[in-house]
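What follows is each chain in one-letter form.
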Amino acid sequence: MISHAPRGTSAAAVPPCEGQRRIAGGGVPWRALSALREALTSWRAQLFASGEDQAPRASRSRPGLTHGHIVILISAVFLLSNALIAAALRPAVGLLVVLGCAGSLCVVVSAVRGCGTGFLRSRIEPAIFAPCALAAIALCVLGGEGHFFFANYDRLTRDAVLADLVRLKFPVFYEYRGSEFVLRAPLGMYMIPATIGKLLGLRAAHLALLAQNVTILALTLGVLVSMVRGRKAVFLAVFVAFSGIEIIGAWIVGSRLPEPEAFPWPLQAHQHLAWWNPAFQYTNHLTQIFWVPNHALPGWWLAALCILQIRREIDSAALVVSFAFLFFWSPLTLAGALPIVGYLVLRRGVGELLAPWLLAACAAALCFLPVAIYLGADAGSVPHRWLVAAAGFWAFYVVFIAIQIPQAAVVASFWSRLDPASRTLSILSILVLLLIPFYRLGANNDFSMRASIMPLALLAFVFGSIVAEMQLRDGIRRIAAVAAIILLGCITSALEIQRALMLNSFAISDCNLLTTWNHLEPDRWLASYFARSDAMPAWLLPHDGVEAPVAVENRQCWPDHPFMNLPTTAWREPRLW
């Protein structure tokens, strides 16, 4: 058996005063080197120690910034984005949303204060948080935020949304072919950066967006990593790189096509393996951060809250209000989370469901109903249909599930070693992932891509926890199977990183959303961003006193884009993105 006990443990037996005398005995360079060595030893001990070697530090209550403070801080960020839209609503409606934000924050603070002396009372370990923060910075920057590196295709539209919110007063209206439309989209990620951008400019808005997303991602990863008993560095790497074995799917599809170069090798930086099939997609974790952080961040955070709730670190009230105020960030992500959250809340029994504190949380959650109505206005124009009765669905479905969530088989093989909470999370996440492909919503089936985010995060947590505690006694076959799944899945993530490093960055565009759409996808209406203004309830958004509608501008948006030598209609090709 490989021992993962930290090196230099004999130093722990030296009395503190004796240790100080040893350090003081040397010169200044030796003191600095000794301090650095002790810091690195402590860092390695916490990150790489196995579950058996770790002291139960999570149960200790120590002064300083705690995990409960993280729950309050992240909740406050999400709530602030909801509160900022309240000013643009009708006064009575806006006041209702503000009351919901205040009530939700009180519920979350009360849940944290009533957590006893458990995990949320434990202090945040800098040696654990530091690599999580570095990972968050690297993921967000490499993903194109701030435009320090190449920004993927989806970022072009999101840049336009942010530019409109910075330059124009919300609600934003558009005029196209004699009809008027209003910006109707999950704007949660943009509200705080746009507010800063109104004061300091568009560049500051993009930097604020980067800072906001890095903060949420770093703190979320910090909570998830801290809840794991095994080797925390291993868990962090496995969770971030969590992916299906999409390279196998691309090979299967490519081998069945008549074109001889359907599956070229070696793989190029432009290839996007997540789209190995045109029907549905379960986006891997790194690609989520690179392409859709507005959907990934609320999904991952809600997954962390579900883990805390099932471990009785927070109550159902906090979960209810969090579900409500995260809706403004990504309603499709919350749609996939609804069965899981609903089960975790309802399983407590009738007595708890009628408790005053939970009823008060439900009342606070209902205050966000105007936001849900805003997001649902004119939503019927979004294409949708059931796929379960389509010809050839079941054969393709079986292949898709086997390729996208092979980690479920690993979880099943370790079932006897899982605690009851992990078993429940596994069953819930796998069941939802098995059902999502039955329905299609959006031109690119956004439903499968977004609704799968939260259950994938739960499955990744259980799978990563298993990998973090694996030992040689688990058998070479199981270790080899787990290693194969991880390594094959990493190919998808490696291509995303390769693209970010190989392609040049380009300047931030200030084109409005209508102009950006006209450049990118003029043959397909962006129903997920534009709603007919007459379909928006008059009691919700003011139509009087707003700025003149925005129209399509005849201008170039990305003169230094690496793909500008190609027709923009070719930018959607999978071989490019």
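Please refer to the structure placed before this passage.
Quick caveat, the model's predicted, so the values are computed rather than measured.

Caption draft 1: Fine view of helix α23 (residues 476-502). Over its 27 residues, α23 runs 37 Å from end to end, which matches the ideal 39 Å to within 8%, given 1.5 Å per residue. At Ile491, α23 shows its largest bend, some 30 degrees. Along α23, the residues that are buried comprise Val482, Ile485, Gly489, Thr492, Ser493, Leu495, Glu496, Arg499 and Ala500.

Caption draft 2: Molecular detail of the state of the cysteines. Within the structure shown, the criterion is met by one disulfide. Here Cys511 connects covalently by a disulfide to Cys557, the sulfurs 2.1 Å from one another. Taking the sign of the S-S torsion, about -105 degrees here, the bridge from Cys511 to Cys557 comes out left-handed. Here the residue Cys511 occupies a position in the loop between α23 and α24 (513-520), and Cys557 occupies one in the segment after β5 (530-532), the gap between them amounting to 46 residues. Given the relative accessible area of 1%, Cys511 is considered buried. What makes Cys557 buried here is its relative accessible area of 6%.

Caption draft 3: Structural detail: the environment of Arg229. With respect to the element layout, Arg229 can be found in the loop between α8 (202-226) and α9 (232-240). The sequence separation of Arg229 and Ala468 amounts to 239 residues, and the corresponding C-alpha distance is 8.0 Å.

Caption draft 4: A look at a nonpolar patch on the surface. Judged by side-chain polarity, Ile248, Trp251, Ile252, Val399 and Leu488 come together as a nonpolar surface patch covering roughly 370 Å² of accessible area. Counting residues per element, the nonpolar patch draws most heavily on helix α10 (residues 246-256), at three residues. Counting through the fold element by element, Leu488 comes out in helix α23.

Caption draft 5: Up close: helix α13 (residues 316-326). The buried fraction of α13 amounts to eleven of the eleven residues, a majority that puts the element mostly inside the structure. Listed as buried for α13 are Ser316, Ala317, Ala318, Leu319, Val320, Val321, Ser322, Phe323, Ala324, Phe325 and Leu326. Between the side-chain oxygen at the start of α13 and the backbone nitrogen of Ala317 there is a gap of 3.2 Å, and the oxygen is on Asp315.

Caption draft 6: How the structure looks around the environment of Gln281. With respect to the secondary-structure elements, Gln281 resides in the loop between α10 and α11 (285-291). Residue Gln281 is classed as buried on the basis of its relative accessible area of 3%. Sequence separation between Gln281 and Asn444 is 163 residues; the distance between their C-alpha atoms is 9.2 Å. Excluding residues within four positions of it along the chain, Gln281 makes contact with Ala274, Trp275, Phe400, Ser448, Met449 and Ser452. A polar atom in the side chain of Gln281 sits 2.5 Å from the side chain of Thr283.

Caption draft 7: Structural context of the sheet that holds strand β1 (residues 173-176). The strand order β1-β2-β5 describes an open sheet built from three strands, whose pairing is antiparallel. Whereas interior strands pair on both sides, the edge strands pair on one side only; in this sheet they are β1 and β5. Recorded for the sheet is a direction-independent mean angle of 40 degrees between the axes of neighbouring strands. Looking at chain direction, β1 and strand β2 (residues 179-183) are connected through four bridges and run antiparallel. By the bridge assignment, Phe173 is partnered in β2 with Val182.

Caption draft 8: Representation of the pattern of salt bridges within the structure. In total, this model carries twelve salt bridges according to the counting rule given. Arg229 is the salt-bridge partner of Glu469, the closest N and O atoms lying 3.1 Å from each other. Of this pair, Glu469 sits in the loop between α22 (453-468) and α23 while Arg229 sits in the loop between α8 and α9, placing them 240 residues apart in sequence. One salt bridge connects Arg555 with Glu553, and the closest N-O pair in it is separated by 3.3 Å. For Glu553, a relative accessible area of 34% translates into the label partly exposed. Residues joined by salt bridges that share partners form a network here, namely Asp378, Arg532 and Asp534.

Caption draft 9: Molecular detail of the side chain of Ser330. Counting through the fold element by element, Ser330 comes out in the loop between α13 and α14 (331-346). A polar contact is formed between the side chain of Ser330 and the side chain of Thr333, at a distance of 2.6 Å. Other than its neighbours up to four places away in sequence, Ser330 contacts Pro186, Asn294, His295 and Pro298.

Caption draft 10: Structural view of the packing of helix α12 (residues 293-310) against α22. At a minimum axis distance of 8 Å, the contact between α12 and α22 shows a crossing angle of 50 degrees. Of the possible angle classes, the one that applies to α12 and α22 is oblique. Seen along the crossing, α12 lies across α22 with a hand that is right-handed. Where α12 approaches α22, its residues His295, Ala296, Gly299, Trp300, Leu302, Ala303, Cys306 and Ile307 are matched on the opposing element by Ile453, Met454, Ala457, Leu458 and Phe461. Counted by class, the contact of α12 with α22 contains eleven nonpolar, two polar and no charged residues.

Caption draft 11: Geometry of the packing of aromatic side chains. Summed over all chains, the structure comprises 27 aromatic pairs. Seen in terms of ring centroids, Phe78 and Trp329 are 4.8 Å apart; in terms of plane orientation they differ by 75 degrees. Their pairing is edge-to-face. With Phe78 in helix α3 (residues 67-86) and Trp329 in the loop between α13 and α14, this pair connects stretches of sequence that are 251 residues apart. For the pair shown, Phe78 and Trp329 are each scored as buried. Ring geometry for Trp394 versus Tyr397: centroids 5.5 Å apart, planes at 80 degrees, classification edge-to-face. In this pair, Trp394 and Tyr397 both sit in helix α18 (residues 393-404), three residues apart, roughly one turn of the helix. Using a relative accessible area of 9% as the deciding quantity, one classes Tyr397 as buried. Three or more aromatic residues joined by ring pairs make a cluster, and in this case those are Trp276, Phe280, Tyr282, Phe393, Trp394, Phe396, Tyr397, Phe400 and Phe438. For the cation-ring pair, Arg203 lies above Phe148, with the distance from its terminal atom to the ring centre recorded as 5.1 Å. A cation over an aromatic ring shows up here: Arg478 above the ring of Phe414, its NZ or CZ 4.0 Å from the ring centre.

Caption draft 12: Just the pairing of β2, in detail. As paired elements, β2 and β5 share three bridges and run antiparallel to each other. Each bridged residue has a counterpart across the sheet, and for Leu183 the counterpart in β5 is Phe530.

Caption draft 13: Here's a closer look at the nonpolar core. Grouped together as the largest cluster of nonpolar side chains are 185 residues, with contacts concentrated most on Leu187, Trp301, Leu302 and Tyr374. Setting aside anything within four residues of it in sequence, one finds Trp301 in contact with Ile70, Val71, Ile74, Ser75, Phe78, Thr220, Val223 and Leu326.

Caption draft 14: View of unusual backbone geometry. Residue Pro171 follows Phe170 across a cis peptide bond; omega there is 5 degrees. Position of Pro171 among the secondary structure elements: in the loop between α6 (153-167) and β1. The phi angle at Arg177 is positive, at roughly 50 degrees, despite the residue not being glycine. Inspection of the secondary structure assignment puts Arg177 in the loop between β1 and β2. Not every positive phi belongs to a glycine, and Arg312 is a case in point at roughly 60 degrees. For Arg312, the location among the structural elements is in the loop between α12 and α13. Taking relative accessible area as the criterion, Arg312 reaches 61% and is therefore assigned exposed.

Each value, and the rule that gives it
- Residues numbered from 1 in each chain as written.
- Predicted model: local features only at pLDDT ≥ 70, side-chain atom pairs only at ≥ 80, totals over all residues.
- Heavy atoms only, no water.
- Helix = DSSP H or I, 4+ residues; strand = E, 2+ residues; numbered from the N terminus.
- Expected span 1.5 Å × (residues − 1).
- Bend = angle between axes of the 7 residues up to and from the residue.
- Buried < 20%, exposed > 50% of the residue type's maximum accessible area, 1.4 Å probe, protein only.
- Disulfide = S-S within 2.5 Å.
- Patch = residues over 30% accessible without salt bridge, like charges linked within 9 Å, V, L, I, M, F, W, Y side chains within 5 Å.
- Areas by Shrake-Rupley, 256 points an atom, 1.4 Å probe, with all protein chains shown as cover.
- Salt bridge = Lys/Arg side-chain N within 4 Å of Asp/Glu carboxyl O.
- Polar contact = N/O pair within 3.5 Å; in protein donor to acceptor, adjacent residues only side chain to side chain.
- Contact = heavy atoms within 4.5 Å.
- Pairing = 2+ DSSP bridges.
- Axes fitted to C-alpha atoms, helices over the stretch in contact; angles between N-to-C directions.
- Parallel < 35°, antiparallel > 145°, perpendicular 65-115°, else oblique.
- Left-handed = near helix turned anticlockwise from the far one by under 90°.
- Nonpolar A, V, L, I, M, F, W, Y, C, P; charged D, E, K, R; others polar.
- Phe/Tyr/Trp six-rings, centres within 6.5 Å; stacked < 30°, edge-to-face > 60°.
- Lys NZ or Arg CZ within 6 Å of the ring centre and 35° of its normal.
- Core = buried A, V, L, I, M, F, W, Y, C linked by side-chain atoms within 4.5 Å.

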